[in-house]
Amino acid sequence: MIKPPNSEPPSPISNDQWQSITISTVRWDVWDVVVATTVTMLVAVSIQSLGGAFGNDAGFNTTITSSAGYYVGIMSAALSLILLRIFKTPLWPMIAALGVGFGITAVSYLLATDVGDGSAILAGLPVGIIAATAMSGVFAATGITCSVVRFREPFSSLGFVKTSSFKPYLFAVAMWIIGLSLLTFWVQTLVWFGVDVLVPPDTAKQAIDEAGGSIVATILLVGIIGPMAEEIFFRGFVLPGLVKKFGIIWALVISSVVFGLFHIDPGAIVPTFALGLALGWVYIKTGSIWPAMFAHGLHNTVAVLIAKYVTIT
């Protein structure tokens, strides 16, 4: 029997509650997390492949050839929907996410201009960044589909719980600073030992360069929309879904590993894993996803601002 949604709004996190180790008790489990993670990857690949193929046909330089992109995109989308159907998950939210993601990418290519080197630019932003943001939306769509829609859980099960003070946000900033300090030490160690392959890529600088310096639009996409979508999935959905099987600490570690692996680049895996640990701990300690979103957005925004205004020699 399906559990009816909770009609009463969750109580705000009190000043004492946020300091305890806690996490929402949810109805989904590790297998739902595995399915949702696989579906998220397939839908993201589908949007990237279909969008890249469309952009190639529109005359822009993309990393995906037209025919291969369409084939891979359609197959990935079909596999994701089949997987959802097997596990009795509603299809319409993910079909909508797929349609919106591809639609945004396709329209962006359609309205974009070529700056002379085959790059597609729309409103001062490369279509690649717009497409990446559209793919980020898939994280939120999957998390919500496999929790709120499938199990009819309230949004509070994903961590959407108000806080009653600024203390959780100060704690989130403190955890971010600690994580950033450890990351700086990690990068410096890699430089000392000449392990260049594991040095994190300067994605913020790449985003700014590709965007032609459009700082406001870059912060909106990279510093706000992306972090919110990722937190819904990795901290709001994945982390609680692993607790029943592995316990809080191992769930934190495993969810952070998944977060790191989703960033693909070898140099980005360790830093994003560390960031995932910090953000997950913020969520566990505060019981609310808002401070984790704030810290994640702060991290990305500061990186963009440094890439824009600070020259490191």
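Our structure is the block above this text.
Values in this document were obtained by computation on a predicted structure and should not be read as measured data.

**A short note on the overall build of the protein**
- When helices and strands are tallied, the protein shows nine helices and three strands.
- Along its sequence from the N terminus, the protein presents helices and strands in the succession α-α-α-β-β-β-α-α-α-α-α-α.
- Within the protein, contacts between residues separated by at least 24 positions form 77% of all contacts whose residues are at least 6 apart in sequence.
- A total accessible area of about 15400 Å² is found for the protein, and carbon and sulfur atoms account for 70% of it.

**Topic: the packing of aromatic side chains**
- Per the stated rule, a full pass over the model turns up 13 aromatic pairs.
- Ring plane angle 85° and centroid distance 5.7 Å describe the contact between Tyr169 and Phe294, whose orientation is recorded as edge-to-face. In this pair, Tyr169 is assigned in helix H5 (residues 167-193) and Phe294 in helix H9 (residues 289-309), connecting sequence segments 125 residues apart.
- Judged by its relative accessible area of 40%, Phe294 is partly exposed.
- Aromatic ring contacts, followed pair by pair, group Trp28, Phe139, Phe233, Phe234, Phe237, Phe259 and Phe262 into a single cluster.
- The ring of Phe259 carries Arg235 above its face, with NZ or CZ at 4.4 Å from the centroid.

**Here we look at empty space enclosed by the protein**
- Under the definition given, this model contains two cavities of 30 Å³ or more.
- In this structure, the largest cavity occupies an estimated 80 Å³ of space.
- Together, Met175, Trp176, Gly179, Leu180, Leu183, Pro271, Ala274, Leu275, Ala278 and His299 line the largest cavity.
- Examining the composition of the lining of the largest cavity, we find that five residues originate from one element, H5, more than from any other.
- Within the lining of the largest cavity, the residues separate by chemical class into eight nonpolar, two polar and no charged.
- One number sums up the size of the second largest cavity: a volume of about 30 Å³.

**Here's the deal with the environment of Val35**
- In this structure, Val35 sits in helix H1 (residues 30-57).
- Considering only alpha carbons, one finds Val35 and Cys146, 111 residues apart in sequence, at a separation of 9.2 Å.
- What Val35 contacts, discounting residues up to four positions off in sequence, is Leu83 and Phe87.

**Thoughts on the packing of helix H8 (residues 266-286) against H9**
- Two elements in contact, H8 and H9, have axes whose closest approach is 7 Å; the angle formed by their N-to-C orientations is 155°. Taken together, the axis directions place H8 and H9 in an arrangement best described as roughly antiparallel. As for how H8 packs across H9, the hand of that crossing is right-handed. Residues Leu275, Leu279, Val282, Tyr283 and Thr286 of H8 form the contact with H9, whose participating residues are Ile289, Pro291, Ala292, Ala295, His296 and His299.
- When the residues that make up the contact of H8 with H9 are grouped by side-chain class, the tally is eight nonpolar, three polar and no charged.

**Regarding helix H4 (residues 127-149)**
- Taking 1.5 Å per residue, 23 residues should reach 33 Å; H4 reaches 31 Å between its end C-alpha atoms and fits that length.
- Across the 23 residues of H4, 18 count as buried, placing the element largely inside the fold.

Rules and cut-offs
- Residues numbered from 1 in each chain as written.
- Predicted model: local features only at pLDDT ≥ 70, side-chain atom pairs only at ≥ 80, totals over all residues.
- Heavy atoms only, no water.
- Helix = DSSP H or I, 4+ residues; strand = E, 2+ residues; numbered from the N terminus.
- Contact = heavy atoms within 4.5 Å.
- Areas by Shrake-Rupley, 256 points an atom, 1.4 Å probe, with all protein chains shown as cover.
- Phe/Tyr/Trp six-rings, centres within 6.5 Å; stacked < 30°, edge-to-face > 60°.
- Buried < 20%, exposed > 50% of the residue type's maximum accessible area, 1.4 Å probe, protein only.
- Lys NZ or Arg CZ within 6 Å of the ring centre and 35° of its normal.
- 1 Å grid on protein atoms, 1.4 Å probe; cavity = no way out; pocket = protein on both sides within 12 Å on 5 of 7 lines; lining within 4 Å.
- Points joined across faces, edges and corners; volume = space filled by probe spheres on them.
- Nonpolar A, V, L, I, M, F, W, Y, C, P; charged D, E, K, R; others polar.
- Axes fitted to C-alpha atoms, helices over the stretch in contact; angles between N-to-C directions.
- Parallel < 35°, antiparallel > 145°, perpendicular 65-115°, else oblique.
- Left-handed = near helix turned anticlockwise from the far one by under 90°.
- Expected span 1.5 Å × (residues − 1).

Any functional reading would require information beyond the geometric quantities listed.
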